[in-house]
Amino acid sequence: MANGQWYPPEWPDRIRALAAGTLTPVTPKRAATVMLLKDTGSGPAVHMLRRRASMAFAGGAYAYPGGGVDPRDDDHHVRWAGPTRAWWADRLGVDEAAAQAIVCAAVRETYEEAGVLLAGPAADSVVGDTTGADWEADRAALVARDLSFAEFLDRRGLVLRSDLLGAWARWITPEFEARRYDTWFFVAALPEGQRTRNASTEADRTVWIAPREAAAGYDKGELLMMPPTIATLRGLAAYETAAETLEAAPGCDLTPVLATARLVDGELVLSWPGHDEFTKHIPTGGAPA
């Protein structure tokens, strides 16, 4: 492997089955992930976690806090600040209920997996330290889905700060993958007074790392990542501060990136539109090149 691109060994067989019409694609689940940033003396760093090697999906790969949408967030009214649900619906390319659920997933998963909460008692404030035992009890209830995010905010008297998020990219897991997600990537700055911690049972370590440094580790084959992760890291590397990154978010293209597989001259070619570096050539009887 010349770089750190995550490539499951079962993909070639699944791609062939899809091409032959014997594999029915799984419907992707909606998900959100957040690239949490903080400024350092040499530019912004991004918070990343390494998925446990035992994980069925992308084990050992570096990723950002994130996860699937909770269906309860579609229809429960959530205390909300920042751009309206209609604005977010237009930005994300979905209806208003789905937009609320996706933004909720971004904020909830960041709290569940990193202990960072993008919410406050008012539309212009954000909570401080969230490391106490009572906060941990609520976080655990959210993880267990014993508590909905709307109920959590109501219990705490908090308002979701959607203005602290910037939508950055959208990637859909390839049709031949057994676990599929339609994932919106967001950027956010670490709120003052809060700190990250490894609160995820799915990760064995977390790091704050400069996007350029993480990308260099991937290029050397030292850090394993999925295509959406390294692609978004390369995009982050262009900015000098967290604020500058957030300011750039409204101009980011949210056209979904979906890998395609086609048969060309006796080999399968796997490609991600607009991202040529991830192209793989798979001989009909061999391993990817």
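It should be noted that the structure appears before, not after, this text.
By convention here, each chain's residues receive numbers from 1 onward along its written sequence. Restriction of local features to residues with pLDDT of at least 70 applies here, the model being predicted, together with a cutoff of 80 or more for giving and counting side-chain atom pairs; totals for whole chains, interfaces and linings are based on all residues. With hydrogens and water set aside, each side-chain value is computed from the structure's full complement of heavy atoms.

Colleague: Any details on the sheet that holds strand β7 (residues 159-161)? Residues and values, ideally.
Modeller: Between any two strands, at least two bridges found by DSSP are needed for them to pair. By definition, any uninterrupted DSSP run of H or I lasting at least four residues is a helix, any uninterrupted run of E lasting at least two residues is a strand, and each is numbered from the N terminus. In space, the three strands of this open sheet follow the order β5-β7-β6, with mixed pairing throughout. Two strands lie at the open edges of the sheet, namely β5 (80-81) and β6 (119-120), each paired on one side alone. Relative to β7, β5 runs parallel, the two being bridged by two bridges. Bridge assignment links A81 to a residue of β7, and that residue is R161.

Colleague: Lay out the pairing of strand β2 (residues 43-51) with the relevant residues and their values.
Modeller: Any residue under 20% of the maximum accessible area for its type is buried, any over 50% is exposed, and the rest in between are partly exposed; the area is computed with a 1.4 Å probe on protein chains only. The buried count for β2 comes to eight of nine residues, which makes it a mostly enclosed element. Remark: two residues form the turn of the hairpin made by strand β1 (residues 29-40) and β2, two consecutive strands paired antiparallel. Sheet topology places β2 next to strand β3 (residues 62-63); two bridges connect them, and they run antiparallel. Residue pairing for β3: R50 is matched across the bridge by Y62.

Colleague: Give a description of the pattern of salt bridges that names residues and reports values.
Modeller: Any Lys or Arg side-chain nitrogen found within 4 Å of a carboxyl oxygen on Asp or Glu counts as a salt bridge. Counted by the stated rule, this structure contains 16 salt bridges. We note a salt bridge from R108 to E112, for which the minimum N-O separation is 3.3 Å. Linking R108 with E112, this pair stays in helix α4 (residues 96-114), spanning four residues, or about one helical turn. Judged by relative accessible area, which is 6%, E112 ranks as buried. Two residues, E240 and R212, come together in a salt bridge whose shortest N-O distance is 3.6 Å. Linking E240 in the loop between α8 (227-236) and α9 (242-248) with R212 in helix α7 (residues 211-219), this pair joins segments that are 28 residues apart in sequence.

Colleague: Outline unusual backbone geometry, listing residues and values.
Modeller: At R145, a position not held by glycine, the phi torsion is positive, near 65 degrees. Residue placement: R145 occurs in the loop between α5 (133-143) and α6 (149-156).

Colleague: Describe the packing of aromatic side chains, listing the residues and the values that go with them.
Modeller: When the centres of two rings from Phe, Tyr and Trp lie within 6.5 Å, Trp using its six-membered ring, the rings pair. Their planes under 30 degrees apart give stacked, over 60 give edge-to-face, and anything left gives tilted. Applying the stated criterion across every chain yields a total of 10 aromatic pairs. When the ring of Y64 is compared with that of F185, the centres are 6.3 Å apart and the planes differ by 90 degrees; the resulting orientation is edge-to-face. On the criterion of sequence distance, the pair formed by Y64 in the loop between β3 and β4 (66-68) and F185 in strand β9 (residues 181-189) is long-range, its members being 121 residues apart. In this structure, Y64 and F185 share a single accessibility class: buried. When the ring of W87 is compared with that of W88, the centres are 4.9 Å apart and the planes differ by 85 degrees; the resulting orientation is edge-to-face. Using a relative accessible area of 1% as the deciding quantity, one classes W88 as buried. These aromatic residues form a ring-pair network of at least three members: Y111, W135, F149 and F152. Over a ring means this: the NZ of a Lys or the CZ of an Arg is within 6 Å of the ring centre and within 35 degrees of the ring normal. Of note, R156 hangs over the ring of W135, and the distance from its end group to the ring centre comes to 3.8 Å.

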